[in-house]
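Analysis of the macromolecular model
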Amino acid sequence: MTLFSLLYHRLQAAVRAPFVGRRALSLILGGFMALYLGGGLVLVGLVFDDLVRGVAPGADPLLVAAKGLLPFGLGYAALRVVMESGLGVDPRPYQALPVRRSALVGLLAAFALFSLWNAVPLAFIVAVGVEGALNGTGGAALRFGLAGLGVLAAVTYAAPMLRRAASDRPFRAAGAVGLLVAAAAIEAVDLGVGLVSLVDVSAWLFGGVVRGDVLPTSVAALGLIGLVGGYVRWLRGAMVVDRSRRRASSRTSSARLDRLARRGPAWREAVLETRLLLRNAQTRWTFFTALFFVLVISGFSVFPIEVADLRAAPPMELINMTVFPGLFATGVFAIYHGQNLFSYEGTGVEACVARPVSARHRMGGKLLFLEVGTLFCFLIPLPTLLLSQNPFLIVHTTFFLYNAGVVVPAMVAGATFNRKALAVDEQTFMQTNFSGGRVAVMFPLFVVPFLFLFSFDRLVLQFGGVAALGLLSLLALPVWLRGLTRLYDYNRHAMLRGFRASRE
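Let me begin by describing the structure that accompanies this report. A quick note: this is a predicted structure, and the numbers were derived from the prediction, not measured.

What counts, and where the lines are drawn
- Residues numbered from 1 in each chain as written.
- Predicted model: local features only at pLDDT ≥ 70, side-chain atom pairs only at ≥ 80, totals over all residues.
- Heavy atoms only, no water.
- Helix = DSSP H or I, 4+ residues; strand = E, 2+ residues; numbered from the N terminus.
- Buried < 20%, exposed > 50% of the residue type's maximum accessible area, 1.4 Å probe, protein only.
- Contact = heavy atoms within 4.5 Å.
- Areas by Shrake-Rupley, 256 points an atom, 1.4 Å probe, with all protein chains shown as cover.
- Polar contact = N/O pair within 3.5 Å; in protein donor to acceptor, adjacent residues only side chain to side chain.
- Salt bridge = Lys/Arg side-chain N within 4 Å of Asp/Glu carboxyl O.
- Expected span 1.5 Å × (residues − 1).
- Bend = angle between axes of the 7 residues up to and from the residue.
- Patch = residues over 30% accessible without salt bridge, like charges linked within 9 Å, V, L, I, M, F, W, Y side chains within 5 Å.
- Phe/Tyr/Trp six-rings, centres within 6.5 Å; stacked < 30°, edge-to-face > 60°.
- Axes fitted to C-alpha atoms, helices over the stretch in contact; angles between N-to-C directions.
- Parallel < 35°, antiparallel > 145°, perpendicular 65-115°, else oblique.
- Left-handed = near helix turned anticlockwise from the far one by under 90°.
- Nonpolar A, V, L, I, M, F, W, Y, C, P; charged D, E, K, R; others polar.
- Core = buried A, V, L, I, M, F, W, Y, C linked by side-chain atoms within 4.5 Å.

**Regarding the overall build of the protein**
The helix and strand inventory of the protein stands at 22 helices and two strands. Each of the 504 residues in the protein was classed as buried or not, and the buried ones make up 44%. In the protein, 81% of the contacts between residues at least 6 apart in sequence involve partners at least 24 apart. Accessible surface, the protein: about 26,300 Å² in total, of which carbon and sulfur atoms supply 68%.

**Topic: the side chain of Thr330**
In this fold, Thr330 is placed in helix 16 (residues 315-338). Assessed through its relative accessible area of 0%, Thr330 is described here as buried. A polar atom in the side chain of Thr330 sits 2.7 Å from the side chain of Asn403.

**Focus on unusual backbone geometry**
Positive phi, close to 75 degrees, is recorded for Phe342, a residue that is not glycine. Topologically, Phe342 is positioned in the loop between helix 16 and helix 17 (359-379).

**Here we look at the pattern of salt bridges**
Under the defined criterion, the tally for this structure stands at seven salt bridges. With a closest N to O distance of 3.3 Å, Arg211 and Asp213 form a salt bridge. Judged by relative accessible area, which is 45%, Arg211 ranks as partly exposed. Owing to a relative accessible area of 30%, Asp213 belongs among the partly exposed residues under this scheme. Of the charged contacts, one joins Lys366 and Glu273 as a salt bridge, the two residues approaching to 2.4 Å between their closest N and O atoms.

**Here we look at helix 10 (residues 198-211)**
Taking 1.5 Å of rise per residue, 14 residues should cover 20 Å, and helix 10 covers 19 Å from first to last C-alpha, within 8% of that figure. Residue Trp204 marks the point of greatest curvature in helix 10, where the axis turns by about 25 degrees. Residues of helix 10 that are buried: Ser202, Ala203, Leu205, Phe206, Gly207, Gly208, Val209 and Val210.

**Let's talk about the environment of Gly148**
With respect to the helices and strands, Gly148 occurs in helix 8 (residues 138-168). The exposure class assigned to Gly148 is buried, which follows from its relative accessible area of 0%. Spatially, the C-alpha atoms of Gly148 and Phe124 are 9.6 Å apart, while their sequence positions differ by 24 residues.

**Some thoughts on a nonpolar patch on the surface**
Taken together, the side chains of Leu43, Val44, Leu46, Val47 and Leu51 present a nonpolar region at the surface, about 410 Å² in accessible area. Within the fold, Leu43 resides in helix 2 (residues 20-46). Judged by relative accessible area, Leu43 falls into the exposed class, the value being 57%.

**A short note on the side chain of Thr156**
Assignment of secondary structure puts Thr156 in helix 8. On the basis of relative accessibility, which here comes to 5%, the residue Thr156 falls in the buried class. Separated by 3.3 Å, the side chains of Thr156 and Arg80 make a polar contact. Looking at Thr156, its side chain comes within polar contact range of the main-chain oxygen of Leu152, at 2.8 Å. In this structure Thr156 touches Arg80, Ala112, Leu113 and Asn118, once residues within four positions along its chain are discounted.

**Some words on helix 19 (residues 392-415)**
Maximal helix bending in helix 19 amounts to about 40 degrees, located at Asn403. Here helix 19 lies mainly inside the structure; 21 of its 24 residues are buried.

**A closer look at the packing of aromatic side chains**
In total, this model carries eight aromatic pairs according to the counting rule given. Taken together, a centroid distance of 5.9 Å and an interplanar angle of 35 degrees make the contact between Tyr231 and Trp234 tilted. On the criterion of helical spacing, the pair formed by Tyr231 and Trp234 is a turn pair, its members being three residues apart in helix 11 (residues 214-238). According to the relative accessible area criterion, Trp234 is buried, its value standing at 19%. By way of ring pairs, the aromatic residues Phe72, Tyr76 and Trp117 are connected into one cluster.

**Digging into the packing of helix 13 (residues 265-279) against helix 17**
In the contact formed by helix 13 and helix 17, the axes pass within 7 Å of each other and the chain directions differ by 55 degrees. Taken together, helix 13 and helix 17 sit at an angle that is classed as oblique. Relative to helix 17, the crossing made by helix 13 is right-handed. Along its contact with helix 13, which presents Pro265, Ala266, Trp267, Glu269, Ala270, Glu273, Thr274 and Leu277, the element helix 17 presents His361, Arg362, Gly364, Gly365, Lys366, Leu368 and Phe369. Within the contact of helix 13 with helix 17, the residues separate by chemical class into seven nonpolar, four polar and four charged.

**Some details on the nonpolar core**
Most often, soluble globular proteins keep nonpolar side chains buried together rather than apart. In terms of nonpolar packing, the biggest core is built from 28 residues, with Phe333, Phe342, Met363, Leu370 and Val412 touching the most fellow members. No other element matches the six residues that helix 17 contributes to this core. For Phe342, the contacting residues outside a window of four places in its chain are Arg362, Met363, Lys366, Val412, Ala415, Thr416, Tyr488, Met495 and Phe499. Listed in part, the 23 residues of the second largest apolar core include Ala65, Ala77, Val128 and Val210.

If you want it as structure tokens, here you go:
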């Protein structure tokens, strides 16, 4: 089978896929966005040498651009890990074709390079290279272009492997993210011979490639070859569709969960939800994403925030200081995972109707699970905030009480309006179950805190009112549980019909 035949099958698969109209619309919108961003980068690339000479008259524009390749590659890889989904190019639809596996892996690796994710930054690299060639440095411009292409290829092949590793090993990935956040905070990496920034490492590696030095060029080439070889081997493993990827869980962790499950039906439901979170690809990715946001909030402790900044902050600045770091930091787990409650279970036992558990215990387990997750998000940044004596602790504690008391029960209530079954084995980012009923329940709750923040001038009334509302709602959890039980009984059969229809 020729390359053109394989491309023809790829085009047919795209046309025959369900929701092809929606995909076409997304492709058109993405193409316009890529043209807009790429056109801007082309303009910046054409005037890049003038900008560099205006700031540093004696600097070589190509060497200055080479200094930014490594920081760009790391940041762009992190962005693609979060924003992209799946393998980039899924090999499973091609395995029925009469193509040798080695040839198919090579072709799929080549297909992965042809992406809008690569076309947009490539516009800047080409523009800088062309401008350098017109200025009489054709050899250096060519080497800069090859270095830029190598960085884009490395990012393309590293992103899906990092995404799968983050999903399979969320705790190790969270530790790596924490180290990267710490390195970004000090803006340096200690190599044992002093503080050497990523810009300096990039200047030696890719600047040496632009100059034609043998050692940096050899290191860059060997690194790229090793990464491509690792991606090919990883892709061959991903093509084995019948292998069991189930791993034995830790005996200690399993024993602890078993002891918790024996405490009662609600605890058993919470333990089942915890095991679903840790054992499946999509939910592990959800856990890692929530943990990433919480670790970022831990970095707020290094910012010099004063109590007077909270008192005298204008409205827009007050929103920026409270919406993301306050409301969504401790509430990210409840908001992100809570909106998909019941949806993952709809792929197995439909709405878990056959499970011998009462609706009250079932909803109590969901509440307990999300409350513990919210507490987890509160406790991780707490040591750094306490040690630095940062006044941001006021915002952090206030919105923890509000999320635990108000947002968590509301998320459970909104999840009963879900009508679509979601797959737990997909490596997709931000897989969500949109529901008009949940939006109607949740939207007012995101507005309530700002009624306190904008209605009062005193700090005690602003944040104390939000905290008091959350605390009162926490004390009223038995009332919440009774209402959630009735709501679930009212919606459970509609959920069952929706889950079945979404799979058909």
